[in-house]
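Coordinate analysis (summary)
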Amino acid sequence: MKGKVVAITGTTEGSIGYYTALAAVSKGAKLLLLLNRDTDRSYEAEQKIKAHAKATDQECFVRTVVCDLSNLYLVKNAALAVNETVADGYGGLDVLVNCAGVCALPDERTVDGFDVQMQVNMLSHFLLTKLLMDSLELAAETRGEARVVMHTCAFRGIPNRMLKPEMFQICPEGTLGGDGKWFLGDLVKQKGPFSRYQQSKLANASFSMALHMKLQAVGSKVKSIVVDPGFAKTNLFGRNSTSSEPDLISKTSARFRNLLSQSPANGSIPTLVASFGPANLCQSGDFFLRVAQSTGLADKSVAGGVPVKRGGERLACHPLNIECVWTSCEKVLQVKFDISRRSTYKMVEDDSDYVSVDD
């Protein structure tokens, strides 16, 4: 990682993104961009990461870029800021870690009209990746490779159902399953906060596979890798700042989760391998996860886009899901993510594309 550039979404203290940021500093990254909401927690994390760089004698420039994934306008502005920063003497973006996420939130909508979980977890990361692809391609051409690392989780298959195009679309609040509190009831009825979460996390995994296929088709040196960190004690579960409900996860479910969970630092292992591991061990189309959900080293369930474990990531690698996530994201965001057109790596000079959803 010496002299390279890393951008990570969701790096507040206690998150997997935070420990990924610390590792990027320790491994000698030249520039680290923290893509977070404009909150006190974001800037507190920035200061602690800077202190880590100083304490370990690493010459890493650490900067926060405001990126609220629940607002497409701010996502576009963040992408513009990243592109401008990495073009100024850094030679592109080497690693983009799409780590931020929300879970089990109410059946509410963002300012853009989408389900909050689907937009934060998938739609905004799709848009961010699209807008940063030229910077990734630039780094790949000048330094041999670049990586896009997507985060999914075990809930991509719980409940076990295919992606549904309507989950990506603008729709009225309360029309995508409601706000049931009980996890098991949500699974039985296959509607509610966890079912919406499953759709967004399956979308993450299938998007990574789709991106891999499209990058490989044009001979790109950018790698698309997906990770499942396993169960970790982050503040993801139960965070619910937009509803009057006390919590969408029962106390029983929370206790059960805590018994099975690992620390966020340990949970970051698959992400660290995918983001910073040796090039010969980290190929495009790889899927890293813990040998067990909360213990063990990182292992591959998919290698180079080909399933290698029992079960074969049937949902993540299903052709219909791969097609659904790509076409649905393009349609609802009104963008065309056409990788085949990327023959030059000139940074965007006209910022008009960053002030409207239309592209």
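These notes cover the structure that comes with them. Keep in mind that this is a model prediction, so the values were computed, not measured.

1. Regarding helix 3 (residues 72–87)
The end-to-end C-alpha separation of helix 3 is 23 Å, in line with the 22 Å expected for 16 residues at 1.5 Å each. For helix 3, the secondary structure elements touched by its buried residues are strand 1 (5–9), strand 2 (31–36), strand 3 (61–66), helix 4 (116–143) and helix 10 (319–333). Structurally, the start of helix 3 carries an N-cap: the backbone nitrogen of Tyr73 is 3.0 Å from a side-chain oxygen of Asn71. Positive phi shows up at Gly89, right after helix 3, with a value of about 90°.

2. Points about the pairing of strand 5 (residues 146–151)
Across the six residues of strand 5, six count as buried, placing the element largely inside the fold. In this structure, strand 4 (residues 95–98) lies alongside strand 5, joined through four bridges in parallel fashion. For Val97, the partnering residue across the bridge sits in strand 5 and is Val149. Of the crossover connections in this fold, the one passing from strand 4 over helix 4 to the parallel strand 5 is right-handed.

3. Looking at the packing of helix 4 against helix 6 (residues 193–217)
At a minimum axis distance of 8 Å, the contact between helix 4 and helix 6 shows a crossing angle of 20°. Classified by the angle their axes make, helix 4 and helix 6 are roughly parallel. As helix 4 packs across helix 6, the resulting crossing turns out to be right-handed. Contact with helix 4, carried on its side by Gln117, Met118, Asn121, Met122, Phe126, Thr129, Met133 and Glu137, involves Pro193, Arg196, Tyr197, Gln199, Ser200, Lys201, Ala203, Asn204, Phe207, Leu211 and Leu215 of helix 6 and no other residues of that element. When the residues that make up the contact of helix 4 with helix 6 are grouped by side-chain class, the tally is 10 nonpolar, six polar and three charged.

4. Observations regarding the packing of helix 3 against helix 4
The description of two helices packed together rests on the angle between their axes and the distance between the axes. Here helix 3 crosses helix 4 at 30°, and the two axes come no closer than 9 Å. Judged by the inter-axis angle, helix 3 sits roughly parallel to helix 4. For the element pair helix 3 and helix 4, the recorded crossing hand is right-handed. Taken together, the residues of helix 4 that come into contact with helix 3 (itself represented by Leu72, Val75, Lys76, Ala79, Val82, Asn83 and Val86) are Gln119, Ser124, Leu127, Leu128, Leu131, Leu132 and Ser135. Looking at the contact of helix 3 with helix 4 residue by residue, the class counts come to nine nonpolar, four polar and one charged.

5. A short note on the pattern of salt bridges
Within this structure, the stated rule accounts for 15 salt bridges. A salt bridge links Asp107 to Arg109; the nearest nitrogen and oxygen atoms lie 2.9 Å apart.

6. Considerations on the environment of Val111
By the element assignment, Val111 lies in the loop between strand 4 and helix 4. Using a relative accessible area of 67% as the deciding quantity, one classes Val111 as exposed. Along the chain, Val111 and Ser70 lie 41 residues apart, while their C-alpha atoms are 7.2 Å from each other. If we skip the residues at most four places from it in the chain, Val111 touches Ser70 and Asn71.

Rules and cut-offs
Residues numbered from 1 in each chain as written. Predicted model: local features only at pLDDT ≥ 70, side-chain atom pairs only at ≥ 80, totals over all residues. Heavy atoms only, no water. Helix = DSSP H or I, 4+ residues; strand = E, 2+ residues; numbered from the N terminus. Expected span 1.5 Å × (residues − 1). Contact = heavy atoms within 4.5 Å. Polar contact = N/O pair within 3.5 Å; in protein donor to acceptor, adjacent residues only side chain to side chain. Buried < 20%, exposed > 50% of the residue type's maximum accessible area, 1.4 Å probe, protein only. Pairing = 2+ DSSP bridges. Right-handed = clockwise from strand over helix to strand, strands pointing away. Axes fitted to C-alpha atoms, helices over the stretch in contact; angles between N-to-C directions. Parallel < 35°, antiparallel > 145°, perpendicular 65-115°, else oblique. Left-handed = near helix turned anticlockwise from the far one by under 90°. Nonpolar A, V, L, I, M, F, W, Y, C, P; charged D, E, K, R; others polar. Salt bridge = Lys/Arg side-chain N within 4 Å of Asp/Glu carboxyl O.

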